[in-house]
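# Descriptive structure summary
Next come the chains, spelled out residue by residue.
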Amino acid sequence: MKKQIGYIGLGKMGKNMVFRLLQNGWNVIAYNRDTEKEKEVIAQGALGTTSIKELISKLSTPRVVWLMVAHQAVDEVINELVPLLDKGDLIIDGGNSPYQETMRRAKEFSDKGINFLDIGVSGGPGGALNGACMMAGGEKEIYNKLEATGFFKDTCLPNGFGYMGPSGAGHFVKMVHNGIEYGMMQSIAEGFDLLRHSSEFDLDLNKVTEVYSHGSVITSSLVSWMQDGYKKYGKDLNEISGKASASGEGKWTLEAGKRENISMPAIQTSLDVRSASQQKPTYQGKVVSTMRGEFGQHPVKRAEDEPEIL
């Protein structure tokens, strides 16, 4: 394998990951339905294409193609992509796909002689640009070949990547990671709800998050992102929606837990609270929304008709 990659999907994560690859000397051939996003990576040195077919024609063999699209679109892209590939080419699904779907796809690719890796990516758009965390599944030999190109060293933080096991393992580990994230965000939301509404103390929540973020047991990226949120929006978070959204991975984690007979009350509660906040926005919803906005650049602003919550 060479330091050349075809990249399909230039959303918040994908675009920044392409920027990082270019900075580290990779030859990136990119495609995105939104041509404006494609122009941004072209300006930094990527080769833009007008179709998946053109993208494949620009890659030398064995081809490496990274998919960074929503899980609902993966099969559509694959159906267009696979007829254009040759045996020995490699597809990498870097999005948040359900791991059981990944296992199905791996079997189908194997029957066609096409290599496949599932790689869960953590760190949000900031991590994609400055160093991500990656969890890979698939054949170990294929993972080793990709690692030998320097791909993980060039895209991840030191020690922030690893081989998890056979096909589906990468997406499974990332799914559980996101489920844990739901529970952590909910506990942070509950704590800051209490801090904000204490009847005994008028606390500077920006100062609280600053101290929490330097040596405390709960020091974390999430708490640091909360500090960024309080700096931007103040302790009432008036600009932020109290309706906390969910993107699916927490639900998938609970479903996997039920299949394995594993109790997950914290993650279940976090999903229940987010669901309830759609009808009755809360300050806890604001805290969760703030973190989602800071690490994932999700749209989290309060709607005009949404009640103000202090």
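Located above this text is the structure these notes cover.
Scope of this entry: the structure provided in the associated data block. (Residues numbered from 1 in each chain as written. Predicted model: local features only at pLDDT ≥ 70, side-chain atom pairs only at ≥ 80, totals over all residues. Heavy atoms only, no water.)

### Considerations on the packing of aromatic side chains
A ring pair, where both rings are aromatic, is described by two values, the distance of the centres and the angle of the planes. Inspection of every chain in the model, using the stated rule, returns twelve aromatic pairs. Taking the centre distance of 6.2 Å and the plane angle of 10° together, the rings of tyrosine 7 and tryptophan 66 count as stacked. Remark: tryptophan 66 occurs in strand S4 (residues 64–67) and tyrosine 7 occurs in strand S1 (residues 4–8); sequence separation between them is 59 residues. Each member of the pair, tyrosine 7 as well as tryptophan 66, is classed as buried. Taken together, the aromatic side chains of Tyr7, Trp26, Trp66, Tyr143, Phe151, Phe152, Phe161 and Tyr163 make up a single cluster linked through ring pairs. Positioned above the aromatic ring of tyrosine 163, the side-chain terminus of lysine 140 is 5.5 Å from the ring centre. The ring of tyrosine 182 is capped by arginine 274, whose NZ or CZ atom sits 4.0 Å from the centre of that ring. (Phe/Tyr/Trp six-rings, centres within 6.5 Å; stacked < 30°, edge-to-face > 60°. Helix = DSSP H or I, 4+ residues; strand = E, 2+ residues; numbered from the N terminus. Buried < 20%, exposed > 50% of the residue type's maximum accessible area, 1.4 Å probe, protein only. Lys NZ or Arg CZ within 6 Å of the ring centre and 35° of its normal.)

### A few points about the sheet that holds strand S6 (residues 115–122)
If you trace the eight strands from one edge of the open sheet to the other, you get S3-S2-S1-S4-S5-S6-S7-S8, paired in mixed fashion. Every other strand in the sheet has two partners, leaving strand S3 (47–48) and strand S8 (156–165) as the edge strands with one partner each. In terms of strand pairing, strand S2 (residues 27–31) meets S3 through two bridges, oriented parallel. The residue of S3 that forms the bridge with isoleucine 29 is leucine 47. (Pairing = 2+ DSSP bridges.)

### Details of empty space enclosed by the protein
Enumeration over the complete set of coordinates arrives at one cavity of 30 Å³ or more. Taken together, Met1, Lys2, Gln4, Leu59, Ser60, Thr61, Pro62, Arg63 and Val64 form the lining of the largest cavity. When its residues are assigned to classes, the lining of the largest cavity shows four nonpolar, three polar and two charged. (1 Å grid on protein atoms, 1.4 Å probe; cavity = no way out; pocket = protein on both sides within 12 Å on 5 of 7 lines; lining within 4 Å. Points joined across faces, edges and corners; volume = space filled by probe spheres on them. Nonpolar A, V, L, I, M, F, W, Y, C, P; charged D, E, K, R; others polar.)

### Quick look at the state of the cysteines
Scanning the model with the defined rule gives zero disulfides in all. Here cysteine 133 stays unpaired: no disulfide links it, and the sulfur of cysteine 156, its closest cysteine neighbor, is 7.0 Å away. Here cysteine 133 falls in the partly exposed class, since its relative accessible area comes to 33%. Classification of cysteine 156 by relative accessible area gives buried; the value is 4%. (Disulfide = S-S within 2.5 Å.)

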